[in-house]
Amino acid sequence: MAERGYGKCGCAFKVAVLSAVFAGWTTAVTSAEDINLYAAGSLKAALTDVAKAFEQKSGGQQSVKTTFGPSGLLRGRIEKGEPAHVFASANMAHPKKLAEAGKISGSVKMFARNQLCALVKPGLAVTSETLLDTMLDEKVRVGTSTPKADPSGDYAFALFAKAEPLKAGAQAKLESKALKLTGGPDSAKPPEGRHLYAWVMSEDRADLFLTYCTNAVLAKKDTPSLVIVDIPNALAVGADYGLAVMASAPAEADALANFILGPDAQAILAEYGFGKGDDVLPAGK
């Protein structure tokens, strides 16, 4: 009986050991398959679809975990050691700063372009031609994202600089009156299911908001009463989006980066209003 009991204990022990080993294997495989994609908030809708397309193309062998937010804040988190594998920024500066610190593999690639538009509350009469005068009006509240934390804010302030040659004193006035409503570490967050910029406008926090045209289109889908006004050529500011693979990333991260640069992902980005970057791969590559 004692011998039989020992046998039972031995089996139980072996099962426990094998279970632990298999659990370890499972964890290792899952970890190897997950690719951590950190990306600008303006890319959320497009790159969510791109990540799904990449997973499908891999036949389920690859899994992408996405984290979206203001590019400057994401860069700071990566610098502090968060395990990003691929970084898709709304400018070239943030990934290039990571490159200077030796944190990326290869070079920074420009994979998409965007433009600024003005998102306007219903009832405010403004056109491209009257946009600057409207923004300078003391009664009009101009919203932007937060410079340095979010490239959208930097681009808005670049627009203010372009206003100076058109109207003396315009840059300082616009910079002083700009309401930095989004993109900062302490910025208010919208309720679940609401688009950020549509929510900001519907909460009456600004009369006019300078944001990416792609964001403006999504905001209007959320709140159809909002109006999108094109920026006139004299004030137009383009946004170049940079892509980088971290030096510590697994090989699968390169596959995701190449997919983002390739025709399938670029077609998805185009559907959301993004233009092609300089480093996009030609079809067939």
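See the structure shown above.
Note that this is a predicted model, so its numbers are computed, not measured.

Visitor: Sorry, what's going on with the overall build of the chain here?
Guide: Counting its secondary structure elements, the chain contains eleven helices and ten strands. Considering the chain as a whole, with its 285 residues, one finds that 45% of them fall into the buried category. By sequence separation, contacts in the chain at least 24 residues apart represent 74% of the contacts at least 6 residues apart. Summing over all exposed atoms, the chain offers an accessible surface of approximately 14,100 Å²; the carbon and sulfur share of this is 56%.

Visitor: I keep staring at the packing of helix α2 (residues 44-57) against helix α11 (residues 263-271) and nothing clicks. Help me out?
Guide: For any two helices packed against each other, the geometry is given by the interaxial angle and the distance between the axes. In the contact formed by α2 and α11, the axes pass within 9 Å of each other and the chain directions differ by 155°. Between α2 and α11, the crossing angle belongs to the class labelled roughly antiparallel. The hand of the α2/α11 crossing is right-handed. On α11, the residues that touch A46, L47, D49, V50, A53 and K57 of α2 are D264, A265, I268 and L269. Broken down by class, the residue content of the contact of α2 with α11 amounts to seven nonpolar, no polar and three charged.

Visitor: I tried to follow the state of the cysteines on my own but got confused; where do I start?
Guide: As used in these notes, a disulfide is a covalent bond between sulfur atoms, one from each of two cysteines. This model, assessed by the stated rule, comprises one disulfide. What pairs with C117 in a disulfide is C213, and their sulfur atoms sit 2.1 Å apart. As the torsion about the S-S bond is roughly 90°, the C117-C213 disulfide counts as right-handed. Of this pair, C117 sits in strand β4 (residues 104-120) while C213 sits in helix α9 (residues 213-222); the two residues are 96 residues apart in sequence, bridging distant segments of the chain. Both residues of the pair, C117 and C213, count as buried.

Visitor: What is the right way to read the nonpolar core from this model?
Guide: Nonpolar side chains tend toward joint burial in soluble globular proteins. The biggest cluster of nonpolar side chains holds 70 residues, and the ones touching the most others in it are L43, F111, M135, L159, L210, Y241 and M246. When residues in this core are grouped by element, the largest group, eight residues, is from β4. Judged by nonpolar contacts, the second largest core, of 13 residues, contains L119, Y197, M201 and F209.

Visitor: Would you explain unusual backbone geometry in this entry?
Guide: With the exception of glycine, the majority of residues adopt a negative phi angle, and the majority of peptide bonds are in the trans configuration. Phi angles above zero are rare outside glycine, and K148 is one such case at about 75°. For K148, the location among the structural elements is in the loop between β5 (142-145) and α6 (151-163).

Visitor: I'm lost on the packing of aromatic side chains in this one. Help?
Guide: If you walk through the whole model with that rule in mind, you get seven aromatic pairs. Their ring planes at 90° and their centres at 6.1 Å tell us that F111 and Y241 sit as a pair that is edge-to-face. With F111 in strand β4 and Y241 in strand β9 (residues 238-246), the pair connects residues that are 130 residues apart, well separated along the chain. Residue F111 is classed as buried on the basis of its relative accessible area, which comes to 0%.

Calculation criteria
- Residues numbered from 1 in each chain as written.
- Predicted model: local features only at pLDDT ≥ 70, side-chain atom pairs only at ≥ 80, totals over all residues.
- Heavy atoms only, no water.
- Helix = DSSP H or I, 4+ residues; strand = E, 2+ residues; numbered from the N terminus.
- Buried < 20%, exposed > 50% of the residue type's maximum accessible area, 1.4 Å probe, protein only.
- Contact = heavy atoms within 4.5 Å.
- Areas by Shrake-Rupley, 256 points an atom, 1.4 Å probe, with all protein chains shown as cover.
- Axes fitted to C-alpha atoms, helices over the stretch in contact; angles between N-to-C directions.
- Parallel < 35°, antiparallel > 145°, perpendicular 65-115°, else oblique.
- Left-handed = near helix turned anticlockwise from the far one by under 90°.
- Nonpolar A, V, L, I, M, F, W, Y, C, P; charged D, E, K, R; others polar.
- Disulfide = S-S within 2.5 Å.
- Core = buried A, V, L, I, M, F, W, Y, C linked by side-chain atoms within 4.5 Å.
- Phe/Tyr/Trp six-rings, centres within 6.5 Å; stacked < 30°, edge-to-face > 60°.

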